[in-house]
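Listed here are the chains, written in short residue letters.
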Amino acid sequence: MNFDDTPQEAAFRCEARAWIAANAPKEYEDELKRASLGRIQLKGGNILEVAKAWQKKKAEAGWAVPHWPKDYGGRGASPIERVIWQQEEGVFGKLGALFIIGHGMCGPTMMAYAAEDQKRHYLPPLASGENIWCQLFSEPAGGSDVAGLRTRAEKDGDDWIINGQKIWTSGAHYSDFGILITRTDPNVPKHKGLTMFFLDMKSAGVEVKPIKQANGQSEFNEVYFTDVRIPDAQRLGAVGDGWNVSLTTLMNERMAIGANMATGVPELFEFASSLMLEDGPAIDDRAVRSKLASWAVRASGLKYTSFRAISALSKGERPGPENSIGKLVAGTMLQDVATYALDLQGAAGVLSGPDDAEAAGKFQAMLLRSPATRVEGGTDEILRNIIAERVLGLPGDIRVDKDVPFNQIPTRGR
Amino acid sequence: MNFDFSDDQKQLRDEARRFLSEKCPPKAVRAVIDGKATYDRELWKGLADMGFLGVAIPEAFGGSGAGHLELCVIAEEMGRALAPVPFSSTVYLAAEALMLAGTEAQKQKWLPAIAAGTAVGTLALFEGTGNPSPASIKLTATNGVLNGVKKPVPDGAVADFAIVAARNGSTGRETDISLFLVDLTCDGVETRALANIDPSRGQAEITFTNVKAESLGPASEGWSILTRVLDRAAVLIGFEQVGGADRALEMGRDYALDRIAFGRQIGSFQAVKHMLADMYVSATLARSNCYYGAWALSTNASELPEAAASARISATQAFQHCAKNNIQVHGGMGFTWEFDCHLYYRRANALAVGLGSLSYWEDALIDRMRQRNAA
């Protein structure tokens, strides 16, 4: 048990710190600090441009996705060095939000399944932020039932022809490439007839329609495929093996989004320290302290759980189902923390404008965004199932569609 | 950074688990709960022979000097087995206080006896309802003579000596509090065993009437020593709680796999699965907080006070959560005397208040986080 840097880790930290001090876009530091979770707007610049410029600068110095192999745009850093980099990058890491799906999920899937020349061609510009990638999994008919998807891929010579619709695709509106799971055989049970591809989002027949969300923002999209042609060379894994390929993606997804999730706790702590109630600062109030302490230990527990996962990873273990804990805990906490911060504000908690609301409306934005956190990338219920079944070894849910050919599964309840 | 126990430490954990599963089955816990013994003396002797009592005590004082990480590993197993012995009062509280503040002579007298299993120690801090605070200590020390009543004192009825918190000033500040070391066999000490929710570890009232006592540490530094002792014990008891939480989770899981209702294993129902998943979540968060506490304890890091409070709160919540839901998974059977569920429920709730309750540690955590943020 050692929490201190080894000499090599200390040297890595030192190098990272010096480079960030010399190169980070400090003109945005204050705005990034104040930015509400999941919603960064920069008065001084276009977020997409600023984020891409920072990522490019990192890439040129070898700091983009440090844990990736050098040949693919990384620097071959260890899992622990990756964490050190994140700690040092600090608030500027928020600019990486646009790249999370590409770096956390698409990249690892490409690394596991693409041909070597494809990896060398596609991964460096993905690492450097020149290309943004998205993950085309969810469908209107298959939310948590990911394998219930209906987008078809039909073989036509050396190509596949894609028809269908995806939904909830984060960032599809500014993505250059995507990984796509399709149904190639509807005559076999649902998990067996799937095949994975990657594609250029500018391919003919791809149409992206942003979805206006409950919080008024548009991060997610519907994506329509009409006779889109994908060369067979862009298939990832064997025909019919798409489910296994997607599990690689999903496991990395849980690690990527679970390890470093916002909980709202530091923000609430700061707010409770500054907010004056009738009898003094909110943080002196018995009831406030109790809530804050309970959330604080959940947040620290998550942090050290991810450190334990990283220690295991650095000993060569693969990310396992126990990483489902990150999003499960953080998602619920984010929503509860936001609700409580509004409660502390009393009637004024209803206000959301940056100039009128407390903390520039940070908690109001958090409140309205947090329901999505509990759904995206696996609902709370799916994550609990994963923990129960794959960590604790409890029986799987009874699946009435398990051995039924996909095209014979009922599609309506009544 | 390496956030895990070493292979040697894991081996020690396996060894402790094997030893305790053999020497401390549930029927040994029940023998104490049923009042057939005040504690399991044979187990206590066995723990001494295994070197577990002195694992964090330096070799110069009769221990093995292995260290606090090793003690954490053993603590987890003590909690998992619900060991009915005065381990926490002797090893976490009394021995830690002696190591932090004792004179050479005091250490020479008591630490080897603790390591050998021939002396049971405790900390006499509480005086009735309420959490630790300088104001709560009314027992007086006048020229080294103690007068007052302590209650509850963990394992007080079986302890050979106690570290006693006393008031020797009236400035109203923390510096009024001093610590004393009292041989409980001396004149003027009267102990009375008290019924408590977890009889596998005793509680007592101790009355001090004109008891001549020796100081432990400088007068006026009693409160600060006490705070440090409580922080160290918070991490160690945290591991006992994590061990207990894990075992309660395991029991619930095993029962859910075994028990059939409506023609299915009850563990196949989502309502049951999700309850068990939530138990796993709280046990895991607590374990991780305790690992951080273990690191801070073993390196005496400046983060210890905050890490200890986090470990304490998290482990308390996790053990209570797992113990109560273990009964729920078991249904009616879980509420029977024969099933072991209530043993864990008792221990979880006794440990939850035994070192200052949640509200004390929540206060401590927030104060310590504020200090760090201000620094």
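Above: the structure in question.
Everything quoted here is computed from the prediction, not taken from an experiment. (Residues numbered from 1 in each chain as written. Chains lettered and ligands numbered in written order. Predicted model: local features only at pLDDT ≥ 70, side-chain atom pairs only at ≥ 80, totals over all residues. Heavy atoms only, no water.)

**Here's the deal with the overall build of chain A**
Counting its secondary structure elements, chain A contains twelve helices and ten strands. Against the compact-globule benchmark of 22 Å for 414 residues, chain A has a radius of gyration of 22 Å, which places it among compact chains. Along the three orthogonal principal directions, the C-alpha set of chain A runs to about 75 × 55 × 45 Å. Restricting the contact set of chain A to residue pairs at least 6 apart, pairs at least 24 apart contribute 73%. Total accessible area on chain A is roughly 18,600 Å²; 51% of this is exposed by carbon and sulfur atoms. Side chains of chain A carry 48 positive and 53 negative charges; the gap between the two charge centres is 2 Å. (Helix = DSSP H or I, 4+ residues; strand = E, 2+ residues; numbered from the N terminus. Rg over C-alpha atoms; globule rule 2.2 N^0.38 Å. Contact = heavy atoms within 4.5 Å. Areas by Shrake-Rupley, 256 points an atom, 1.4 Å probe, with all protein chains shown as cover. Lys, Arg positive; Asp, Glu negative; His and termini not counted. Charge placed at Lys NZ, Arg CZ, Asp CG, Glu CD.)

**A word on the environment of Asn187(A)**
Residues and elements named next belong to chain A. Inspection of the secondary structure assignment puts Asn187 in the loop between strand 4 (177–183) and strand 5 (194–200). A relative accessible area of 52% places Asn187 in the exposed class. Setting aside residues up to four positions removed in sequence, Asn187 forms contacts with Pro405 and Asn407. At 2.8 Å, the side chain of Asn187 and the side chain of Asn407 are in polar contact. (Buried < 20%, exposed > 50% of the residue type's maximum accessible area, 1.4 Å probe, protein only. Polar contact = N/O pair within 3.5 Å; in protein donor to acceptor, adjacent residues only side chain to side chain.)

**Things to note about the packing of helix 4 (residues 68–81) of chain B against helix 7 (residues 222–258) of chain B**
Residues and elements named next belong to chain B. Running from amino to carboxyl end, helix 4 crosses helix 7 at an angle of 40 degrees, the nearest separation of the two axes being 7 Å. Of the possible angle classes, the one that applies to helix 4 and helix 7 is oblique. As for how helix 4 packs across helix 7, the hand of that crossing is right-handed. In this structure, helix 4 contributes His68, Leu71, Cys72, Ala75, Glu76, Met78, Gly79 and Arg80 to the contact, and helix 7 contributes Arg232, Val235, Leu236, Phe239, Glu240, Gly243, Gly244, Asp246, Arg247 and Glu250. Class assignment of the residues belonging to the contact of helix 4 with helix 7 gives a composition of seven nonpolar, four polar and seven charged. (Axes fitted to C-alpha atoms, helices over the stretch in contact; angles between N-to-C directions. Parallel < 35°, antiparallel > 145°, perpendicular 65-115°, else oblique. Left-handed = near helix turned anticlockwise from the far one by under 90°. Nonpolar A, V, L, I, M, F, W, Y, C, P; charged D, E, K, R; others polar.)

**Quick word on the pairing of strand 5 of chain A**
Residue and element names in this part refer to chain A. The element strand 5 is extensively covered by neighbouring structure, given that six of its seven residues are classed as buried. Of the strand pairs in this sheet, strand 4 and strand 5 are connected by seven bridges, and their pairing is antiparallel. Across the sheet, the residue bridging to Phe177 is Asp200, located in strand 5. (Pairing = 2+ DSSP bridges.)

**So, the pattern of salt bridges**
All names here are of chain B. Across all of its chains, the model carries 49 salt bridges over all chains by this definition. Between Lys36 and Asp34 there is a salt bridge whose closest N-O contact spans 3.7 Å. Residue Lys36 is classed as exposed on the basis of its relative accessible area, which comes to 65%. By relative accessible area, Asp34 is classed as partly exposed at 40%. (Salt bridge = Lys/Arg side-chain N within 4 Å of Asp/Glu carboxyl O.)

**A few points about the state of the cysteines**
Residue and element names in this part refer to chain B. One pass over the full model with this rule turns up zero disulfides over all chains. Its sulfur unpaired, Cys72 is 8.0 Å from the next cysteine sulfur, which belongs to Cys290. Judged by its relative accessible area of 0%, Cys72 is buried. (Disulfide = S-S within 2.5 Å.)

**Observations concerning the packing of aromatic side chains**
Given two aromatic rings, one states the distance between the centres and the angle between the planes to describe the pair. As enumerated under the stated definition, the model contains 34 aromatic pairs over all chains in all. Ring centres of Phe262(B) and Phe269(B) lie 6.1 Å apart, and the angle between their planes is 80 degrees; this geometry places the pair in the edge-to-face category. The exposure class assigned to Phe269(B) is partly exposed, which follows from its relative accessible area of 24%. One aromatic cluster is present, built from ring pairs that chain together Phe3(A), Tyr304(A), Phe307(A), Phe3(B), Tyr292(B) and Trp295(B). For the cation-ring pair, Arg75(A) lies above Trp63(A), with the distance from its terminal atom to the ring centre recorded as 3.7 Å. For the cation-ring pair, Arg183(A) lies above Phe406(A), with the distance from its terminal atom to the ring centre recorded as 3.4 Å. (Phe/Tyr/Trp six-rings, centres within 6.5 Å; stacked < 30°, edge-to-face > 60°. Lys NZ or Arg CZ within 6 Å of the ring centre and 35° of its normal.)

**Remarks on the environment of Pro112(B)**
Residues and elements named next belong to chain B. Looking at the secondary structure, you find Pro112 in helix 6 (residues 104–116). In sequence terms Pro112 and Thr209 are 97 residues apart; their C-alpha atoms lie 29 Å from each other. Contact partners of Pro112, with chain neighbours within four places excluded, come to Phe61, Gly62 and Lys107.

**With respect to the interface of chain A and chain B**
Chain A puts 47 residues into the contact, and the matching count from chain B is 43 residues. Here chain A packs against chain B, burying approximately 4,400 Å² in sum over the two surfaces, 63% of which is carbon and sulfur. Two residues, Arg289(A) and Asp363(B), come together in a salt bridge whose shortest N-O distance is 2.9 Å. Linking chain A with chain B are 27 residue pairs in polar contact (both at pLDDT 80 or more). Secondary-structure elements contributing two or more residues to the side of chain A that touches chain B are helix 9 (286–314), helix 10 (325–344) and helix 12 (380–391) of chain A. At 17 residues, helix 9 of chain A tops the list of elements feeding residues into the side of chain A that touches chain B. (Buried area = accessible area lost by both parts, 1.4 Å probe.)

Everything listed here is a matter of coordinates, which is why it stays silent on function.
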